[in-house]
Amino acid sequence: MLDARVPDGPLETKWEHHKFDMKLVNPANKRRFQIIVVGTGLAGASAAATLGELGYRVKAFTYLDSPRRAHSISAQGGINAAKNYHSDGDSIFRLFYDTVKGGDYRSREANVYRLAEVSNNIIDQCVAQGVPFAREYGGLLDNRSFGGAQVSRTFYARGQTGQQLLLGAYQALARQVKAGTVELHTGIEMLDVVVVDGKAVGIIVRDLATGEISRHSAHAVVLGTGGYANAYYLSTNAMSCNVTAAWRAHRKGALFANPSFTQIHPTAIPSSDEFQSKLTLMSESLRNDGRIWVPKDPDESRGPADIPEDDRDYYLERRYPSFGNLAPRDISSRAAKVVVDEGRGVGPLKNGVYLDFAEAIERLGRDAIDEKYGNLFEMYERITGEDPYQVPMRIYPAPHYTMGGLWVDYHLQTTIPGLFAIGEANFSDHGANRLGASALMQGLADGYFVLPYTIGDYLAPQLGSPPVDTSASEFDQAEAEVRGQIDRFLATNGTRSVDWFHRELGRILWDNCGMARNRSGLEKALSEIPALREEFEKDVRVLGSADTLNSSLEKAGRVADFFELAELMCKDALVREESCGGHFREEHQTEDGEALRDDDDFAHVSAWEWSGNASAPTEHREVLEFEYVELSQRSYK
Amino acid sequence: MNLTLRVWRQAGPDAPGRFETYEATDISADSSFLEMLDLVNERLIEQGEEPIEFMHDCREGICGTCGIMINGQAHGPQSSTATCQLHMRSFQDGDELVLEPWRTSGFPIIKDLVVDRSAFDRIIEAGGYISVDTGSAPDANLIPVPKDDADLAMDAAACIGCGACVAACPNGAAQLFTAAKVSHLGLLPQGQPERYERVVDMVEVMEEHFGSCTNMGECEAACPKGISIDFIAMMNRDYLKAKFRNRRTA
């Protein structure tokens, strides 16, 4: 049975009391503990910095050439907090409530409440670090509104909020590097976690530039290694984002929760041809002022400006009058899919919908729009060659974020003691759908304000015992597996590139486990994926050697893990016979096409155990209990 | 469209390098520059040749990973554009393009078009932060920041750390990168307590790794984020002030 270790007592005081109940490590003893943090995005960098400040000895690892390049940097829109600076009725409880509702009642109440509770501390911390949030003329912080909320609670730094928050965390980390508490390892990829006597005690890593493989041991290992949307090949994730660290932990015994809960973001630039390498996101904040529409007539041939109001279908405003263009992401994405599937898509490939600023420009003036969204408009023009001040943007949904991830308890510990997962790498707070501006909040909440407390409770009883020696046989075995896989890739000498296989895998996933899923499609995918994986193992071509920079070799290992994960995603989507949030099973919908949940049978987390065979995982369940939020049909009408 | 690429290939940090010529044929004008390289690499793999290693990650112009000298220009011909945001419509059919890594001793070559920019991290570690332990911050609205100051700080903070400024500089100087961080923090009230110590510490480390600034202005022209060299003037002013104030004991 899965024990989430949620503390007793009223929701509002659980965390406060729990902080008191947890064991502490005395300040002078903290330096006797070694902690490994893998990943240096918002979650990893903030955790490593904070643990260093507390006095722990920390080793931080990133496969990138600098922590500042982690993909958190691409987040554009903002970060939520329940500051209620605008007296518009916000509160910790409302942020909690919106997040649970937005997640379609598939998240753990206690975790979400804690997230809302620490959200305010995050803003204080970041401002003190020098994050240049947008300000009003009086010098106080500005806010804007985001999808799924009826209050303005989103703090932002132009369209570069993720960048500024990441740089804040990176700088805090750099300060600890200088102080000598954190040892920073850049250009190093984690390839396995080492488990001794059931506890995580270290990792095996590879230096990407030299190919050197080395072992590191510690009292605890923290994974802040992000999400797996790149399983789809085309996504808004950075090219190197991958599931490898989390997946290899899964293979060592960590349960993987709700893998089918993926977020397809409604506002990305539609793809233009088959060589496209990634999809570019246009911030959700654009939906504050842009109006989304398609022509009513599928055979419409006029340009957007020549189509009169009467011939336009502002379908979000029509279907969801109270939230309109700010309907949550899963709902907006599906609504776009509906109109495009009806043949009413726009653009040369008829694969997009309009996001139109004409009215906002007329109402607010071009300067005001430029101030808010200037960099996004420029980015759009650079990519498409079209000027959004003149012609409406074209957008279409794209894989963006993954709510699923390693199962963690209230302490953010996985099912392997000593192995923690934070940020997007865990499954915890967003249920079946994440609200906009909540990923940055969760990454920093976990890293700055949650993990540094809970990890102490795990470490305290180990005082006096040194980290396991890296000459232990478990390290030998893990290293041998890592080396074996690398040798196999280089020896295969097949005919097709790693990217070719990744593209094919992505196509299967997108077609069958994307915005809408059904039994026959998922079953088809479950037969196609293992067949393609077998072909990959026999026919992949990885050139070069293992002792220099070799990006094909790096990718091969990551794609191998995506293959196994993809099967689990489809399996999870198949057994979840309901629709909720981003998981839309066509068999389960209301008469007007909304997601139809089944709370009697599916108000639980599916947490999967690796069985040694990617096609036969074992399901465990954590039943979700709702004491403070009443489950209802989610309505944004 | 069809192009001819002359690409710097270098097997490792100590190996000799050379230019190799590749034909990039049937390239869509709508594809990005890096997608063009992806395609060239796919074809190289088909032919059994090792693909060209190049730096890239987010492909949205924000992570700062990418960077190629294209016909001698850092990030290529389009202003305020990182390599990953450059699209093939900026080029003509039949063009010959010379692709080189960032060329400066501060960024040693790792392989092909990939360089080691860890010297930038060393500069930030020297003082590019505000010392505030987690949990010790006052309420975010306690200290108002005039909007103009916040906006100017944000202009500086927009730096993505790609290194184009150094690559474009005839002296291989990193003044624009360093000044962007010094100014970002120095313009905010939160950054005042460490302002003068910070600038001296950062400049000292910068000078260990990079050349000296002679106000050529190439950095600003190459910067994908349009960071202004006015920030270099601000940094120099703070540095001088710091020296006169003799704030530092080292």
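Residues numbered from 1 in each chain as written. Chains lettered and ligands numbered in written order. Predicted model: local features only at pLDDT ≥ 70, side-chain atom pairs only at ≥ 80, totals over all residues. Heavy atoms only, no water.

## Comments concerning the overall build of chain B
Logical step 1: What chain B contains, in helices and strands, is 8 helices and 7 strands.
Logical step 2: Taken along its principal axes, the extent of the C-alpha atoms in chain B is 60 × 40 × 35 Å.
Logical step 3: Looking at the 250 residues of chain B, the share that counts as buried comes to 58%.
Logical step 4: Taken as a whole, chain B presents about 9600 Å² of accessible surface, with 47% of it coming from carbon and sulfur.
Logical step 5: Each charge sign in chain B was given a centre, from 21 positive and 38 negative side chains, and these centres are 7 Å apart. (Helix = DSSP H or I, 4+ residues; strand = E, 2+ residues; numbered from the N terminus. Buried < 20%, exposed > 50% of the residue type's maximum accessible area, 1.4 Å probe, protein only. Areas by Shrake-Rupley, 256 points an atom, 1.4 Å probe, with all protein chains shown as cover. Lys, Arg positive; Asp, Glu negative; His and termini not counted. Charge placed at Lys NZ, Arg CZ, Asp CG, Glu CD.)

## As for the domain arrangement of chain B
Often, the extent of an interface is quoted as the loss of accessible area upon association of its parts.
All names here are of chain B.
Logical step 1: You can read the domains of chain B as domain 1 (3–111) and domain 2 (117–245).
Logical step 2: Its C-alpha centre places domain 1 at a distance of 29 Å from the equivalent point of domain 2.
Logical step 3: In this assembly, 17 residues from domain 1 lie in contact with 19 residues from domain 2.
Logical step 4: In total, domain 1 and domain 2 occlude about 1300 Å² of area from one another, counting both sides; carbon and sulfur atoms represent 60% of this.
Logical step 5: Here domain 1 is connected to domain 2 by 0 salt bridges.
Logical step 6: Across the domain 1-domain 2 interface, the total number found is 4 residue pairs in polar contact (both at pLDDT 80 or more).
Logical step 7: Across the side of domain 1 that touches domain 2, the residue classes break down as 9 nonpolar, 8 polar and no charged. (Domains from an automatic or database assignment. Contact = heavy atoms within 4.5 Å. Buried area = accessible area lost by both parts, 1.4 Å probe. Salt bridge = Lys/Arg side-chain N within 4 Å of Asp/Glu carboxyl O. Polar contact = N/O pair within 3.5 Å; in protein donor to acceptor, adjacent residues only side chain to side chain. Nonpolar A, V, L, I, M, F, W, Y, C, P; charged D, E, K, R; others polar.)

## Observations regarding the interface of chain A and chain B
Logical step 1: Contacts between the two partners involve 79 residues from chain A and, on the opposite side, 77 residues from chain B.
Logical step 2: Roughly 6300 Å² of surface becomes buried between chain A and chain B when both sides are summed, with 50% attributable to carbon and sulfur atoms.
Logical step 3: A salt bridge links D65 of chain A to R117 of chain B; the shortest N-O distance between them is 3.0 Å.
Logical step 4: At the surface where chain A touches chain B, the tally comes to 48 residue pairs in polar contact (both at pLDDT 80 or more).
Logical step 5: Breaking the side of chain A that touches chain B down by element, the ones donating at least two residues are helix 3 (42–54), helix 5 (109–129), helix 6 (161–179), strand 5 (182–186), helix 11 (366–384), helix 12 (439–459), helix 14 (498–512) and helix 16 (551–575) of chain A.
Logical step 6: Per-element tally for the side of chain A that touches chain B: the top contributor is helix 6 of chain A, with 9 residues.

## Comments concerning the sheet that holds strand 2 (residues 17–24) of chain B
Logical step 1: Pairing is mixed across the open sheet formed by 5 strands, whose spatial order is 2-1-5-3-4 (chain B). Each edge of the open sheet carries a strand with a single partner, namely strand 2 and strand 4 (73–74) of chain B. (Pairing = 2+ DSSP bridges.)

## Concerning the packing of aromatic side chains
Residues and elements named next belong to chain A.
Logical step 1: A complete count under the given rule lists 31 aromatic pairs over all chains for this structure.
Logical step 2: The residue whose ring lies beneath R312 is W293, and the NZ or CZ to ring-centre distance is 4.0 Å.
Logical step 3: Cation over ring: R558 sits above Y63, and NZ or CZ is 4.9 Å from the ring centre. (Phe/Tyr/Trp six-rings, centres within 6.5 Å; stacked < 30°, edge-to-face > 60°. Lys NZ or Arg CZ within 6 Å of the ring centre and 35° of its normal.)

## What to know about the packing of helix 15 (residues 519–539) of chain A against helix 16 of chain A
All names here are of chain A.
Logical step 1: Contact geometry of helix 15 with helix 16 gives a least axis separation of 9 Å together with a crossing angle of 160 degrees. Of the possible angle classes, the one that applies to helix 15 and helix 16 is roughly antiparallel. The interaxial crossing formed by helix 15 with helix 16 has left-handed handedness. Contact with helix 15, carried on its side by R519, L522, E523, A525, L526, I529, P530, L532, R533 and F536, involves A556, V559, A560, F563, E564, A566, E567, C570, K571, A573 and L574 of helix 16 and no other residues of that element.
Logical step 2: Class assignment for the residues of the contact of helix 15 with helix 16 results in 15 nonpolar, no polar and 6 charged. (Axes fitted to C-alpha atoms, helices over the stretch in contact; angles between N-to-C directions. Parallel < 35°, antiparallel > 145°, perpendicular 65-115°, else oblique. Left-handed = near helix turned anticlockwise from the far one by under 90°.)

## Some points on helix 7 (residues 244–251) of chain A
Residues and elements named next belong to chain A.
Logical step 1: The element helix 7 is extensively covered by neighbouring structure, given that 7 of its 8 residues are classed as buried.
Logical step 2: All buried positions along helix 7 are accounted for by T244, A245, A246, W247, R248, A249 and H250.
Logical step 3: G253 occupies a position one or two residues after helix 7 and carries a positive phi of about 125 degrees.

## What about the domain arrangement of chain A?
Residues and elements named next belong to chain A.
Logical step 1: According to the domain assignment, chain A consists of domain 1 (265–398) and domain 2 (473–600).
Logical step 2: Each of domain 1 and domain 2 has a C-alpha centre, and the two are 31 Å apart.
Logical step 3: Listed as interface residues are 9 residues of domain 1 and, on the opposing side, 11 residues of domain 2.
Logical step 4: Both faces considered, domain 1 and domain 2 share a buried interface measuring about 750 Å² in area, 59% of it formed by carbon and sulfur atoms.
Logical step 5: For the domain 1 face of the interface with domain 2, the top three residues by lost area are D330, R334 and K337, together amounting to 56%.
Logical step 6: Counting every contact that joins domain 1 to domain 2 gives 1 salt bridge.
Logical step 7: Among the ionic pairs, E594 bridges to R319, the shortest N-O distance being 3.4 Å.
Logical step 8: Summed over the shared surface of domain 1 and domain 2, the number is 3 residue pairs in polar contact (both at pLDDT 80 or more).
Logical step 9: Those elements giving two or more residues to the side of domain 1 that touches domain 2 turn out to be helix 9 (329–344) and strand 15 (393–402).
Logical step 10: Here the side of domain 1 that touches domain 2 takes 4 residues from helix 9, the largest share from any one element.
Logical step 11: Looking at the side of domain 1 that touches domain 2, its residues break down into 3 nonpolar, 1 polar and 5 charged.

## Some details on the side chain of R144 of chain A
All names here are of chain A.
Logical step 1: Its place among the elements puts R144 in the loop between helix 5 and strand 4 (154–155).
Logical step 2: An unpaired buried charge is present at R144: no salt bridge exists, and D142, the closest side chain of opposite charge, is 7.2 Å distant.
Logical step 3: A polar atom in the side chain of R144 sits 3.2 Å from the backbone oxygen of R158.
Logical step 4: Those residues in contact with R144, other than ones at most four positions away along the chain, are G77, S152, R153, T154, Y156, R158, S285, N288, K372 and Y373.

## Observations regarding the nonpolar core
Residues and elements named next belong to chain A.
Logical step 1: I79 and F133 are the most contacted members of the largest nonpolar core, which has 207 residues in total.
Logical step 2: With 13 residues, helix 16 is the single largest residue contributor to this core.
Logical step 3: Formed by 34 residues, the second largest nonpolar core is a distinct cluster that contains Y315, L316, V353 and M393. (Core = buried A, V, L, I, M, F, W, Y, C linked by side-chain atoms within 4.5 Å.)

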